[in-house]
Amino acid sequence: MSSAARARLVVVAVASLLALHAALVLHGIRRNYATFDEPAYVLAGLSHWQTGTFDLYRVNPPLPRMIAVLPLLAADAKTDWSTLETWRRFPSARAEFGMLDHFAELNRGRFFELIRLARLSTL
């Protein structure tokens, strides 16, 4: 087998694996329910972009959350940061979980659609 044929075979194999990965991720996005902390990651990522602060979910670096919610910025997810100042009085509190119910209520009917949109960043 020539080196050009071998190179083509490698390209086809890598492209096939990437396509299979994408198909499995897309299937999982639609089929699997949100994990316990996934909505909190989404809420925190939105807060980073919209408030310019890193108060929510500050136990992990913010970049993955900020990348994950980029599609949500275009989807116009409804947010209300009015209670964030109250949570700042309790630095050890996990405000992202306390604010999550209100976020879900604001986005009723499309809450899981927003979670699924954030999952697209895994591709």
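Structure: see above.
Remember, predicted model here, so these are calculated numbers, not experimental data.

Criteria and cut-off values
Residues numbered from 1 in each chain as written. Predicted model: local features only at pLDDT ≥ 70, side-chain atom pairs only at ≥ 80, totals over all residues. Heavy atoms only, no water. Helix = DSSP H or I, 4+ residues; strand = E, 2+ residues; numbered from the N terminus. Buried < 20%, exposed > 50% of the residue type's maximum accessible area, 1.4 Å probe, protein only. Salt bridge = Lys/Arg side-chain N within 4 Å of Asp/Glu carboxyl O. Phe/Tyr/Trp six-rings, centres within 6.5 Å; stacked < 30°, edge-to-face > 60°. Lys NZ or Arg CZ within 6 Å of the ring centre and 35° of its normal.

(A) Quick peek at the environment of Leu106. With respect to the element layout, Leu106 can be found in helix α7 (residues 100-106). Assessed through its relative accessible area of 30%, Leu106 is described here as partly exposed. Here the alpha-carbon distance between Leu106 and Leu17, two residues 89 residues apart in the chain, equals 39 Å.

(B) Inspection of the pattern of salt bridges at higher detail. Counted according to the given criterion, the structure contains five salt bridges. Of the charged contacts in the structure, one is a salt bridge between Glu38 and Arg119, with a shortest N-O distance of 2.6 Å. Of this pair, Glu38 sits in helix α2 (residues 38-51) while Arg119 is found in helix α8 (residues 111-119), placing the two residues 81 residues apart along the sequence. As a salt-bridge pair, Asp55 and Arg88 come within 2.4 Å of each other at their nearest N and O atoms. With a gap of 33 residues between them, Asp55 in the loop between α2 and α3 (63-68) and Arg88 in helix α5 (residues 84-88) connect regions that are remote in the sequence. Its relative accessible area of 22% is what places Asp55 among the partly exposed residues. On the accessibility criterion, Arg88 (35% relative accessible area) is partly exposed. One network of salt bridges, in which partners are shared, links Asp55, Glu85 and Arg88.

(C) Focus on the packing of aromatic side chains. Inspection of the entire model under this criterion finds five aromatic pairs. For the ring pair Phe103 and Phe111, a centre distance of 5.9 Å and an interplane angle of 70° mean the geometry is edge-to-face. Since its relative accessible area comes to 2%, Phe103 is described here as buried. Assessed through its relative accessible area of 12%, Phe111 is described here as buried. Taking 5.2 Å as the distance between ring centres and 75° as the angle between the ring planes, the aromatic pair formed by Phe111 and Phe112 counts as edge-to-face. Note on Phe112: relative accessible area 33%, which makes it partly exposed. The rings of Phe36, Tyr41, Tyr57 and Phe97 are connected pair by pair, giving a single aromatic cluster. For the cation-ring pair, Arg94 lies above Tyr57, with the distance from its terminal atom to the ring centre recorded as 4.7 Å.

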